[in-house]
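Notes for the structure review
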Amino acid sequence: MKELSPLQKERLKYNPKLPKCLSTGINKLIITKGEKTQSVADQKEISELFKNSYGLPTVEFSTSDKEELKSARNIGVILSGGQAPGGHNVIAGLFDALKQANPDNKLYGFLGGPSGIIDGKYIELTEEIINDYRNTGGFDIIGSGRTKLETEEQFKKAWNVCQNLNITGIVIIGGDDSNTNAALLAEWFLEKNAGIQVIGCPKTIDGDLKNEQIEISFGFDTATKTYAELVGNIQRDANSAKKYWHFIKLMGRSASHVALEVALQTHPNVTLISEEVESKEMSLADVVTNITKAVVARSEAGKNFGIVLVPEGLIEFIPEIKSMIANLNDVLALIEDDTDYVNAKSETEKYEIIQKRLEPQNGAVYSSLPNMIKSQLLMDRDPHGNVQVSRIDTEKLLIAMVKERLDKMKEDGRYSGKFSDLAHFFGYEGRCAFPSNFDADYCYSLGFNAFALINFGLTGYISSVRNLTAPAKEWKAGGIPLTMMMNMEKRHGEFKPVIKKALVEIDGPVFKYLQDHREQWIMEDCYLFPGAIQYFGPTEVADITTQTLKLEQK
Ligand code: FBP
């Protein structure tokens, strides 16, 4: 028997809440179809690429008195992409729904992400296995991976594996790229008349997989609360010692939802928002000027300490760097054939070759960056063509540039304060935390609902549970066609259909809240200390959602 911590033992007993429409029984559901849908952009291209699954209606569940038992079937599940708290509960909800629908139904878990279905690596998920993972963090029940599903060969292999296991439904739990995989697979199975349904589930701590029907991706709630606890603790340390400027980079990939939510939970002195930087066309120098101004102003008030939050994807949003990265991606897509680059004897030589291959203006931006950042920008893109922003030390770049500015100001006699810096990066710390009560309930509901979609014969949909600021019993459940969320984007040098990322809206209520308070937060120390996630106790602390959700759903 494995040893368990006291919290592990207690969380295994937690009974996740379901929306009323789902809790009355999986076989009593009825479905209502909405209007036909279209993709968020590039309708012509997407409808041509998804001939069989484009334009499906949205659906919503309610209950009836009649109970209908359907014949037994086998379902497969895949965890895909980065870990997010609550993934195990999606699987538990899916399992419970499937067994409730018909005790002879079986659930297979593909191992190590989407590659599991191609390579035929799987386990059967039994009650005994599931029970060990209820309400726990992590994806370790079956593991995860980032394989992109797109080739005919991969699809054929997946079909073959499903046929061998008699699987007629697959649930892919993932972020925007993984749900793009789900859409492509669903379309391919429809085209081949394979009789295999594919349903997605909205996962990602980044919070960028959302729209009117997907109010938030799971994991965002727990991850942001975990980071907010850490930022709050650092704020208290900074305010006690009064000697360090902490530059804290927060995970979240391109979108700044994580940094914004953490800012609203903690009130740091400076919060950078990538989408604002882009919309105001701020240069890297402008960003540094703004931080430097805050450092100087606080120093003049006798405060040589403070907190700066930096969203992970900032660098990609600074217009001159964004243009350089787009150009660099095209250059790197062909770099394997560039003998000069392949045979380069040193890193410096590589940087020089890259600079020459870039358009002159982009080459100049590239060469102006410190070697550390130059090298990090050359690292492999992920399988979906994304720059791995978690591996770029933007917080250190900013520290170096602010320091340089302050040194110059010191020389001119315009600054006499102290600047001691500390860099932090919070990301992996939050992705496998025990899911908050919100995420535990939401994930369980998403999984349960995913099976309901399968049970109604649907494919090419994402599980949607809405009305999330209300108590769980009032949540609504249904499905959204995956193609509705798609547009065309350039990846690995080619235009491809992908689910559109939801970025922070600069005219939206969440950013506005930050904007209305940030001047005050620079000088006055309005720090909040959210503390650790509470799993038990008064509902005001144990069941709270995020500020983002509250403000967006107001
Ligand atoms: P998903 O989009 O797959 O949910 O991943 C989110 C994320 O945590 C990003 O915030 C981060 O940039 C990235 O994963 C890190 O990737 P990896 O786990 O491969 O290092």
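Residues numbered from 1 in each chain as written. Predicted model: local features only at pLDDT ≥ 70, side-chain atom pairs only at ≥ 80, totals over all residues. Heavy atoms only, no water.

Concerning the overall build of the protein chain
Inclusion rule: A helix here means a DSSP run of H or I that spans at least four residues, while a strand means a run of E at least two residues long, and both kinds are numbered starting from the N terminus. Burial status follows relative accessibility: with a 1.4 Å probe on protein chains alone, a residue under 20% of its type maximum counts as buried, one over 50% as exposed, and anything between as partly exposed. Contacts: residue pairs with any heavy atoms within 4.5 Å of one another.
The number of helices and strands found in the protein chain is 24 helices and 15 strands. For the protein chain, the C-alpha atoms occupy an extent of roughly 80 × 60 × 50 Å along the three principal directions. Each of the 554 residues in the protein chain was classed as buried or not, and the buried ones make up 57%. When contacts within the protein chain are restricted to residue pairs at least 6 apart in sequence, those whose partners lie at least 24 apart make up 78%.

Digging into the site of the ligand
To keep it simple, the criterion reads: Proximity is defined per residue: if any heavy atom of the residue lies within 4 Å of a molecule or strand, that residue is considered near it. As used in this structure description, the phrase polar contact means that two N or O atoms lie within 3.5 Å; if the pair is within protein, one of them must be able to donate a hydrogen and the other to accept it, and residues adjacent in sequence are counted only when both atoms belong to side chains. Residues were grouped as follows: Ala, Val, Leu, Ile, Met, Phe, Trp, Tyr, Cys and Pro as nonpolar; Asp, Glu, Lys and Arg as charged; and all remaining residues, including Gly, as polar.
Near the ligand there are 14 residues, and of these Gly-82, Asp-206, Glu-312, Tyr-428 and Arg-431 occur at the shortest range. Here an oxygen atom of the ligand and a side-chain polar atom of Asp-206 are 2.6 Å apart. In this structure, an oxygen atom belonging to the ligand sits 2.8 Å away from a side-chain N or O atom of Arg-431. Looking at the shell around the ligand residue by residue, the class counts come to 3 nonpolar, 5 polar and 6 charged.

Thoughts on helix H17 (residues 360-368)
Put simply, the test is: In this context, the arc is that of the directions from the helix axis out to the C-beta atoms.
Buried residues of H17: Asn-362, Gly-363, Val-365 and Tyr-366, and no others. One side of H17 holds all its buried residues, which, seen down the axis, span an arc of 160 degrees. Looking at H17, the residues exposed on the side facing more than 90 degrees away from the buried face are Pro-360, Gln-361 and Ser-368. Residues of H17 that are buried in the fold lie against helix H14 (319-333), helix H16 (347-357) and helix H18 (371-377).

Brief notes about the packing of helix H10 (residues 257-266) against helix H22 (residues 509-523)
Just so we agree on the cut-off: Every axis in this analysis is a line fitted to C-alpha atoms, fitted for helices over the stretch in contact. Angles between the N-to-C directions lie between 0 and 180 degrees. Here the angle decides the label: under 35 degrees means roughly parallel, over 145 means roughly antiparallel, 65 to 115 means roughly perpendicular, and every other value means oblique. Take the far helix as the reference: if the near one is turned anticlockwise from it by less than a right angle, the crossing is left-handed, and if turned clockwise, right-handed.
Running from amino to carboxyl end, H10 crosses H22 at an angle of 50 degrees, the nearest separation of the two axes being 10 Å. Taken as axis vectors, H10 and H22 run oblique relative to one another. Along this stretch, H10 crosses H22, giving a crossing that reads as left-handed. Between H10, through Leu-260, Ala-263 and Leu-264, and H22, the contact on the second element is made entirely by Val-510, Phe-511, Tyr-513, Leu-514 and Trp-521. Residues of the contact of H10 with H22, tallied by class, amount to 8 nonpolar, no polar and no charged.

Overview of unusual backbone geometry
The phi angle at Asn-135 is positive, at roughly 60 degrees, despite the residue not being glycine. With respect to the helices and strands, the residue Asn-135 is situated in the loop between helix H6 (127-131) and helix H7 (152-165).

As for the packing of H16 against H17
At a minimum axis distance of 7 Å, the contact between H16 and H17 shows a crossing angle of 155 degrees. By the angle class used here, H16 and H17 are roughly antiparallel. Of H17, the residues touching H16 (which contributes Tyr-351, Ile-354 and Gln-355) are Gly-363, Tyr-366 and Ser-367. Residues of the contact of H16 with H17, tallied by class, amount to 3 nonpolar, 3 polar and no charged.

Overview of the sheet that holds strand E1 (residues 29-36)
Definition in use: When DSSP finds two or more bridges between a pair of strands, those strands are recorded as paired.
In spatial order, the strands read E1-E2-E13-E12-E7-E6-E3-E4-E5; together these 9 strands make up an open sheet with mixed pairing. In this open sheet, the two strands that pair with only one neighbour each are E1 and strand E5 (122-124). Between one strand axis and the next, the sheet turns by 25 degrees as a mean value, whatever way the strands run.

Observations regarding the state of the cysteines
Simply put, the disulfide is a covalent bond whose two ends are the sulfur atoms of two cysteines. Spelled out, the test is: Any pair of cysteine sulfurs within 2.5 Å is marked as a disulfide.
One pass over the structure, following the stated rule, counts 0 disulfides. Sulfur of Cys-21: no disulfide; nearest cysteine sulfur belongs to Cys-201 and is 15 Å away. Looking at Cys-21, the relative accessible area reads 13%, which means it is buried. Here Cys-432 stays free of any disulfide, with the sulfur of Cys-443 as its closest cysteine sulfur at 12 Å. Overall, Cys-432 belongs to the partly exposed group, its relative accessible area being 39%.

Description of the sheet that holds strand E10 (residues 306-311)
By way of backbone hydrogen bonds, the strands of a sheet pair with one another, either parallel or antiparallel. Reading across from one edge, E9-E10-E8-E11 is the order of the 4 strands in this open sheet, with parallel pairing throughout. Here the strands that pair on one side only, and so sit at the sheet edges, are strand E9 (270-271) and strand E11 (421-426). Judged from the 6 bridges that link them, strand E8 (residues 245-250) and E10 form a sheet pairing that is parallel. Following the sheet pairing, Trp-245 is matched in E10 by Gly-306. Against the sheet, H10 touches E8, E9 and E10, its axis set at about 150 degrees to E10.

Section: the pattern of salt bridges
As a reminder of what qualifies: Within this document, salt bridges are pairs made up of a side-chain nitrogen of Lys or Arg and a carboxyl oxygen of Asp or Glu, the two lying within 4 Å of each other.
Here the structure, examined in full by the defined rule, presents 29 salt bridges. Between Asp-525 and Lys-303 there is a salt bridge; the shortest N-O distance is 3.3 Å. You can see Asp-525 sitting in the loop between H22 and helix H23 (539-542) and its partner Lys-303 sitting in the loop between helix H12 (284-300) and E10, a full 222 residues away along the chain. Looking at Asp-525, the relative accessible area reads 28%, which means it is partly exposed. Residue Asp-393 is joined to Lys-396 by a salt bridge in which the shortest nitrogen-to-oxygen separation is 3.9 Å. Several salt bridges converge on common partners, so that one network encompasses Lys-17, Asp-441 and Asp-543.

Observations concerning the packing of aromatic side chains
For clarity, the cut-off: For Phe, Tyr and Trp, where Trp contributes only its six-membered ring, two rings pair if their centres lie within 6.5 Å, and the inter-plane angle classes them as stacked under 30 degrees, edge-to-face over 60, or tilted in between.
Within this structure, the stated rule accounts for 13 aromatic pairs. When the centroid spacing of 6.1 Å and the interplanar angle of 70 degrees are considered together, the rings of Phe-434 and Tyr-535 count as edge-to-face. Of this pair, Phe-434 sits in the loop between helix H20 (428-431) and helix H21 (437-455) while Tyr-535 is found in the loop between H22 and H23, placing the two residues 101 residues apart along the sequence. Judged by its relative accessible area of 12%, Tyr-535 is buried.

As for the pairing of strand E15 (residues 494-499)
Relative to E15, strand E14 (residues 486-491) runs antiparallel, the two being bridged by 6 bridges. Residue pairing across strands places Met-488 opposite Pro-497, the latter belonging to E15. Once E14 ends, the chain turns through 2 residues before running back antiparallel as E15, passing His-492 with a positive phi of about 50 degrees.

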